[in-house]
Amino acid sequence: MTVSEELTRRLSAEGVDPLVLAGVHDANLIELGRQTSTRVSMRGDTLSIAGSADQVERASVVAQRMIDAARQRQVLDIDDVLRMTLDHSREPAGGDDARIVLPGIRRVIQPKTPGQAEYLRLIAENDIVVGIGPAGTGKTYLAVAAAVDALSRKRVRRIILARPAVEAGESLGFLPGDMQAKVDPYLRPLYDALEDMMPPERMQRALETRVIEIAPLAYMRGRTLSDAFVILDEAQNASGAQMKMFLTRLGVNSRTVITGDKTQIDLPRREESGLIQIERILIGIDGIGFHYLSDSDVVRHRLVREIIKAYADDAGA
């Protein structure tokens, strides 16, 4: 390509945090340039892209998505840039209706794939939603975001997060401390999601006043969960009896999201999983939505997607 054939396009990034857009040591811009065979640079509020006409056109579409995401205070990393590049021919996932603006931390959470956008839509439109898919697809994270949003809008009065405390190759009995200390490691991912979405002092106050409750699934027995957003995480490890118990706790003005990964069942026998049972017997009931996320919805490190594919290929061999 001669100098005369080279095209440079400049995009306005006014009002955007340059560190969010460019990444540490310009990692996001370097990844965009690598994926599109262009030269990408940023000076002040202007993002410049140089290359052939086709290359610049492709890179510009992705760059504009990056700018829009940064304006909405979304976190961007090189995996997000790679995902946007691979999906550049599609419309952005979701829309304004799919955005969740979290108060207190000036943060916007938005689906990054069409599958995630559909998942959030179902959560908004159904009383019970079952989200099934592999690790890293945002099943729990997006459900917690929807719960925090519902609480902040006063659509519910409390959030209840539950998980089965099933031993995955380890024994609870050998862990130190009392029973609460033993089960806390199983509940840690739920705490992590909340910490990402609420100011620390607000989260601590909500936990102390039990506006937000995080507990093992067994603690739900005998209760009526009214005016609440209830999430059952890792539901593949709930037995059929536990699942029935949980579903029949649902009270007035409550929403429930059940998440699980059928490839990570730690029960003695796979057929005992309550998640597999409700997949069979509850489909078709009005007000209950099922949604299946796939490896194309993985939003963790890009290697996670490849690892999931490798395991799936090995299982099918």
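Just so we're clear, the structure is a prediction, and the values are computed from it rather than from any experiment. (Residues numbered from 1 in each chain as written. Predicted model: local features only at pLDDT ≥ 70, side-chain atom pairs only at ≥ 80, totals over all residues. Heavy atoms only, no water.)

Concerning the sheet that holds strand 6 (residues 128–132)
If you trace the six strands from one edge of the open sheet to the other, you get 8-7-9-10-6-11, paired in parallel fashion. Looking at strand neighbours, the two that pair on one side only are strand 8 (212–216) and strand 11 (288–292), the edges of this open sheet. Ignoring which end each strand starts from, the neighbouring axes of this sheet average 15 degrees apart. Across five bridges, the pairing between strand 7 (residues 158–163) and strand 9 (residues 228–232) is parallel. Counterpart to L161 in the pairing with strand 9 is I231. (Pairing = 2+ DSSP bridges. Helix = DSSP H or I, 4+ residues; strand = E, 2+ residues; numbered from the N terminus. Axes fitted to C-alpha atoms, helices over the stretch in contact; angles between N-to-C directions.)

A word on the nonpolar core
In this structure, L194 and F229 are the most contacted members of the largest nonpolar core, which totals 35 residues. Sorting the residues of this core by element identifies strand 4 (100–102), helix 5 (114–125), helix 6 (139–152), strand 7, helix 7 (179–195), helix 8 (200–208), strand 8 and strand 9 as the ones contributing at least two each. Here this core gets nine residues from one element, more than from any other, and that element is helix 6. When residues no more than four places from it in sequence are discounted, the contact partners of L194 are V144, V148, L161, M203, I212 and I214. Within the second largest apolar cluster, 24 residues are counted, among which are V130, I160, A215 and I288. (Core = buried A, V, L, I, M, F, W, Y, C linked by side-chain atoms within 4.5 Å. Buried < 20%, exposed > 50% of the residue type's maximum accessible area, 1.4 Å probe, protein only. Contact = heavy atoms within 4.5 Å.)

Observations concerning a nonpolar patch on the surface
Residues L303, I307 and Y311 make up a contiguous nonpolar surface patch of roughly 360 Å² in combined accessible area. Relative to the helices and strands, I307 resides in helix 11 (residues 302–316). Under the relative-accessibility criterion, I307 is labelled partly exposed at 47%. (Patch = residues over 30% accessible without salt bridge, like charges linked within 9 Å, V, L, I, M, F, W, Y side chains within 5 Å. Areas by Shrake-Rupley, 256 points an atom, 1.4 Å probe, with all protein chains shown as cover. Salt bridge = Lys/Arg side-chain N within 4 Å of Asp/Glu carboxyl O.)

A closer look at the confidence of the model for the protein
Mean pLDDT over the protein stands at 83; residues scoring 70 or higher make up 84%. In this model, residues 167–176 is a region of pLDDT below 50 whose contacts with residues beyond four sequence positions or in other chains number 12 contacts. (pLDDT = per-residue confidence, 0-100.)

As for the pairing of strand 10 (residues 255–260)
Of all six residues making up strand 10, five are buried, and the element is well covered by its neighbours. Summarising the sheet, strand 6 and strand 10 pair through five bridges and their orientation is parallel. Bridging across to strand 10, G131 finds its partner in T259. Where strand 9 and strand 10 come together, four bridges link them in parallel fashion. Bridge assignment links V230 to a residue of strand 10, and that residue is T256.

Quick look at the packing of helix 2 (residues 27–36) against helix 3 (residues 53–71)
Closest axis-to-axis distance for the helix 2/helix 3 pair is 10 Å, and the angle between their directions is 150 degrees. With respect to their mutual orientation, helix 2 and helix 3 come out roughly antiparallel. Two packed elements cross with a definite hand, and for helix 2 against helix 3 that hand is right-handed. Residue-level contacts link N28, L29, L32, Q35 and T36 of helix 2 to Q55, R58, A59, V62, A63 and M66 of helix 3. (Parallel < 35°, antiparallel > 145°, perpendicular 65-115°, else oblique. Left-handed = near helix turned anticlockwise from the far one by under 90°.)

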